[in-house]
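Architecture at a glance
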Amino acid sequence: MSIKVVGGNLLPRTDVSTMSGHVFIHAPVPGKWFKTDTRDVTTDIIAVEQVTDENKNSVLGKAGWGTLGAVALGPVGMLAGLLLGGKSKEICFACKLSTGESFLASGSVSDFQTFAGAYQANLASGVSELNTMEAEADQVVAKLDSDIDVVASMKKIGELRDANLITPEEFDAKKKELMARI
């Protein structure tokens, strides 16, 4: 089912849909009429929140959409129409993607549940992803420390060579050994 995009930073004429537990963005290809690029963004969802009369200012403010709320949603009467009250089967929600894209949309309850489920799954997997990122950061820091040691050692052997305490051949051999560590 297609979701009505009310605002955000998606390209004009971009459609959003859900199918089989996945979220898809169908964006026009710039410069190509009638051509769209469809992407599965299910694993890119980093935030999703239902917009209600009670939390609209908070949600729109967090997303930096204070103006969007005033322009796209119009007066409270229109917002109430968009939020569609308690008897409706549609929900207004805000979504943010890791790609930097964000949008405000209106869709069915099942569409919203697809977004919320994807967000929860991404949140759960993010813990192990964060641990992986921390481990990679530790490796980078260790490499930088090692590189700093190499630079200090290079300076030291240069000083020893300049003071004629080691021969140019010894300097070259040690330099090659140090460079191999980088």
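Everything here concerns the structure above.
Conventions adopted
Residue positions are counted from 1 within each chain, in the order its sequence is given. Only residues with pLDDT of 70 or above have their local features reported here, since the model is predicted, and side-chain atom pairs are shown and tallied only from 80 upward, although totals for entire chains, interfaces and linings are computed over all residues. Side-chain numbers here rest on the full set of heavy atoms in the structure, without hydrogens or water. Only DSSP runs of H or I reaching four residues or more are called helices, and only runs of E reaching two or more are called strands; each is numbered from the N terminus. Think of it in three bands: with a 1.4 Å probe and only protein chains considered, a residue is buried below 20% of the maximum accessible area for its type, exposed above 50%, and partly exposed in between. In this analysis, two residues are considered to be in contact whenever any of their non-hydrogen atoms come within 4.5 Å of each other. Throughout, the Shrake-Rupley method with a 1.4 Å probe supplies accessible areas, and for residues the shown protein chains are the sole cover considered. If DSSP finds at least two bridges between two strands, the strands pair. Geometry of aromatic contacts follows a simple scheme: Phe, Tyr and Trp rings, the Trp one being its six-membered ring, pair when their centres are within 6.5 Å, and the pair is stacked under 30 degrees between planes, edge-to-face over 60, tilted otherwise. Only buried residues count toward a nonpolar core, which is a set of Ala, Val, Leu, Ile, Met, Phe, Trp, Tyr and Cys residues joined through side-chain atoms within 4.5 Å.

So, the overall build of the protein
- Looking only at helices and strands, one finds five helices and seven strands in the protein.
- Counting every position in the protein, which comprises 182 residues, the buried fraction comes to 31%.
- Of the contacts formed within the protein by residues at least 6 apart in sequence, a portion of 51% connects residues at least 24 apart.
- On the protein, roughly 11500 Å² of surface is accessible, and the fraction owed to carbon and sulfur atoms is 59%.

Focus on the pairing of strand S3 (residues 22–28)
- Among the seven residues in S3, five count as buried, and that is most of the element.
- Looking at chain direction, strand S2 (residues 15–19) and S3 are connected through five bridges and run antiparallel. Within S3, the residue paired with Met 19 across the bridge is His 22.
- Following S2, the chain reverses through two residues before pairing antiparallel with S3; Ser 20 in that reversal takes a positive phi of roughly 50°.
- Where S3 meets strand S4 (residues 36–40), five bridges bridge the pair, whose relative direction is antiparallel.

Re the packing of aromatic side chains
- The full count for this structure, using the stated rule, is three aromatic pairs.
- Ring centres 5.6 Å apart and planes at 55° place the aromatic pair Phe 93 and Phe 112 in the tilted group. Separated by 19 residues along the polypeptide, Phe 93 in strand S6 (residues 90–97) and Phe 112 in helix H4 (residues 109–162) bring together distant segments of the chain. Across the pair, Phe 112 and Phe 93 agree in class, each one buried.
- Judged by centre distance (4.8 Å) and plane angle (55°), the ring pair of Phe 93 and Phe 115 falls under tilted. With Phe 93 in strand S6 and Phe 115 in helix H4, this pair connects stretches of sequence that are 22 residues apart.

Section: the nonpolar core
- Ranked by internal contacts, the top residues of the largest apolar core, which has 18 residues, are Val 16, Ile 25, Ile 45, Phe 93, Leu 97, Phe 103 and Phe 115.
- Only S3, strand S5 (45–50), S6, strand S7 (102–108) and H4 provide two or more residues apiece to this core.
- Looking at this core, the element that brings in the most residues is S6, giving four residues.
- Other than its neighbours up to four places away in sequence, Ile 45 contacts Val 23, Cys 95, Lys 96, Leu 97, Phe 115, Ala 118, Tyr 119 and Asn 122.
- In terms of nonpolar packing, the next biggest core, distinct from the first, is built from five residues, Val 150, Ile 166, Phe 171 and Leu 178 among them.

As for the environment of Val 48
- Take Val 48: it is sitting in strand S5.
- The residues contacting Val 48, other than those within four sequence positions of it, are Phe 93, Ala 94, Cys 95, Phe 112, Phe 115, Ala 116 and Tyr 119.

Things to note about unusual backbone geometry
- Even without glycine at this site, Arg 13 takes up a positive phi of about 70°.
- Mapped onto the fold, Arg 13 is located in the loop between strand S1 (2–8) and S2.
- Note on Arg 13: relative accessible area 60%, which makes it exposed.
- The phi dihedral of Asn 164 falls on the positive side, at around 60°, and the residue is not glycine.
- On the secondary structure map, Asn 164 appears in the loop between H4 and helix H5 (168–180).

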